[in-house]
Amino acid sequence: MTWIRWLLLLLIVRPIARFLTGADVSGREHLPLKGPAIVAANHNSHMDTLLLLSIFPSRAVMRVRPAAASDYFLRDPVIGWVSRHLIGIVPIARGKAGSGEDVLAPAREALAAGDIIVVFPEGTRGDASDEMAALKSGVARLAEAFPDAPVTPVWIQGAGRVLPKGEVIPVPLNCAVLIGPPVRWEGKRAEFMDGLRTALLSLKAEAPPLRWS
Amino acid sequence: MDIIRLIEDFHNAQPLALLWGLGGILALLVLGSLVAAMLTATRPSKDYRELRQRMSSWWVMVLLLAAALLAGWQATLALFAVVSFIALREFLSLAPTRREDRLIILGCYLTIPVSYAFVAADIYGIYLVIIPVYAFLILPWLMAVIGQTKGYLSSVALFHWGLMTCVYNIGYAAFLMRTPADQAPAGAAGLVFFLLVATEFNDVAQYVWGKLFGRHKIIPKVSPNKTWEGFLGGWASTAALIWFVGPLFLPLGGIGLATLAVVLPVAGFAGDVTMSAIKRDIGVKDTSHLIPGHGGILDRIDSLTFTAPLYFHLLAWFSLAKF
C-alpha cells in the first residue's frame, strides 16, 4: 500500500500540482527531510496540500502527513479513503476541541513515529484575499511535546486563485512557495506563536505581488 | 548492427550545417562550464554560484532544444507549446486579474492547443488569424457576458497582450519547422536553430558590450543597466553574425540578408525592453524562479517574442515560397 501511495504521489499528484501551480519554490534548503518535524503554512485552498506534497524530494515524501479536519475529509467514504491512504492525512477532530478529548493525539503519534506533519494553523481555508487569519495554538502544543522538532514556516502565495474555496474548476496560475528557517520551541506558547506569526508575515513580505481583485 | 545503421541513417538525414552548429554550441557550453569551474577553483573568495547555475541551466535548455530540433517538427512543436504554456502562466500570474475572469484565464490557455493544432495541421492561413482576430474577439465577448465591467478594458488588453506574445509570436518558431527541406540550406530545423542562436547571441552580446564599455544609459527609466554601448555593440556583433554565418542556414542573400542583419538585433532589444517595462509596472525583477540563474521562462524568451515573427516574415517575404 505504501509504495502505491509513493508512486501516486510522484507520478500523479506531483505533475498535477506542478501543472496547476508552477511550484515556484524559494528557500528549499530549509525544508525538513526527516521527522519528527512540523511544517506550518498559510491556507487558502485545497491546492496548498497538493503543492506541499509535491515540493518534497521523493526520499522524504512518504514521511509527509498533512493534518486535516476529520469532520470535513472523512465524512465521505471515497474522499475519506483518498485522504487517508493517498494524501496520508493525520485526522484532527476540530469539533471536539475543548471537549476534553485529546484531538492532537494522532498528530503526536505521527511525530513520535518520525513523520513530518504539515499543519495549517489558521484552522481553515481563507478567502484568497492574501490576509492571514489568527493562528490557532495547536501547533504550539505539538512543538511543546516535541521541543527538538523544527517548525518550518511556509508562505504559499496564490493557491487561492488556482482553486478558491467553493470553486470546483482549478485554473493554472503560478504559486510562490516561500520556505523560511525553522522556528524553535523556547518554552512559552505565546512567544512561540508570535515567532511563528512573524516568520510567516516576513515570508509573505518577500512574495511577489498578488494582483487579484 | 541495426543500431549502428540506424544511427548512421539518422546522422545522414540531418543537414551538415545543423550538426556543426549544434556541435559549436556544445563546444561553447563546455568552454563556459570550464571557465566557471576554473573561476570557482582559483578565486575561492568570490561567489560564483549564480554563474554555475546559469551554465547548468544553459546546458538543460540547449540539450532540450537540440533534441527537439533533431527529432523533428512534432517534438519541436510540443516543446514550443510547453514554452508558450509556462510563459503565459507566468504572465497571467503576475498581471493584475479579476476574480470574475478565472474561466477566461482557462480560455486563454485553451488557445495554446488550438493555435498549435493549426501548426500541426500545417494550415498557415488560419494560424495567422486564429489568435489575433478570433481569440481577440471571442474572449472580450465572453467577458462581457460574465458582466463585470469594472476594469473591463484593461483586462481585455492584458489577456490579448499575453496571448500575442506568449502563444502567437512564439508559435512562429514552431511554424518555421514546417518549411519544406528543399527551401532552406540546412532544412527547417536549421532555420529555427539560427533564429534561436541569433536571438540569444544578441542578448549575450549586448550584455557583454555593456559590461565592458557601458557608459551612457539608453533607457534608464525602464532598464537602468542597459547602455548605448551595449546596444550598439550587440547590434553590430549580431548583424555580423547574421551576415557571415547566416548563409549557412538561411535561404537569403543580398538585400534580404542585410535587412535581417539590421533589424533582428533591434527587435531583440525591443522585446527585452518591453518585457522590462511590464515587469517594472508589476513590481517584480524576475517572472519566476523556474530557470536557476536566469529567472522565469518569460525573462529568457522576452527577445524571442519579438524576433520570431519578424524573422519568419522576412524569410517569407524574401525567400520561402510556401508562406
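Residues numbered from 1 in each chain as written. Chains lettered and ligands numbered in written order. Predicted model: local features only at pLDDT ≥ 70, side-chain atom pairs only at ≥ 80, totals over all residues.

Draft legend 1. Highlighting the overall build of chain A. Scanning chain A from terminus to terminus reveals eight helices and seven strands. Taking 2.2 N^0.38 as the reference for a compact globule, 213 residues should give roughly 17 Å; the C-alpha atoms of chain A span a radius of gyration of 16 Å, in line with that estimate. By its C-alpha atoms, chain A is 40 × 40 × 35 Å across when sized along the principal axes. For chain A, the proportion of its 213 residues judged to be buried stands at 47%. Restricting to contacts in chain A with at least 6 residues of sequence separation, those with at least 24 account for 74%. (Helix = DSSP H or I, 4+ residues; strand = E, 2+ residues; numbered from the N terminus. Rg over C-alpha atoms; globule rule 2.2 N^0.38 Å. Buried ≥ 20, exposed ≤ 12 C-beta atoms within 10 Å, placed from the backbone. Contact = placed C-beta atoms within 7 Å.)

Draft legend 2. The arrangement of the pairing of strand β5 (residues 116-119) of chain A in detail. Residues and elements named next belong to chain A. Side chains Ile-116 and Val-118 project from β5 onto one buried face, and the interleaved Ile-117 and Val-119 project onto a second face that is buried too. Summarising the sheet, strand β2 (residues 37-41) and β5 pair through four bridges and their orientation is parallel. Paired with Ala-40 across the two strands is Val-119, which belongs to β5. Two elements, strand β3 (residues 64-69) and β5, share three bridges in a ladder whose sense is parallel. Each bridged residue has a counterpart across the sheet, and for Val-64 the counterpart in β5 is Ile-116. (Pairing = 2+ DSSP bridges.)

Draft legend 3. View of the sheet that holds strand β1 (residues 24-26) of chain A. All names here are of chain A. Spatially, the seven strands line up as an open sheet ordered β1-β7-β6-β2-β5-β3-β4, and their pairing is mixed. Taken across any chain shown, the strands that pair with only one partner, and hence form the sheet edges, are β1 and β4 (90-92). Taking each pair of neighbouring strands and ignoring which way they run, the sheet shows an average axis angle of 25°. Relative to β2, helix α6 (residues 138-145) is tilted by about 165°, and along the sheet it contacts β2, β5 and β6 (151-157). (Axes fitted to C-alpha atoms, helices over the stretch in contact; angles between N-to-C directions.)

Draft legend 4. Structural view of unusual backbone geometry. Phi at Ala-23 of chain A takes a positive value of approximately 45°, unusual for a residue other than glycine. With respect to the helices, strands and loops of the structure, Ala-23 of chain A is situated in the loop between α1 (2-21) and β1. In the Ramachandran plot, Asp-122 of chain B falls in the positive-phi region, its phi being about 60° despite a non-glycine side chain. Position of Asp-122 of chain B relative to the elements: it lies in the loop between α5 (102-120) and α6 (124-146).

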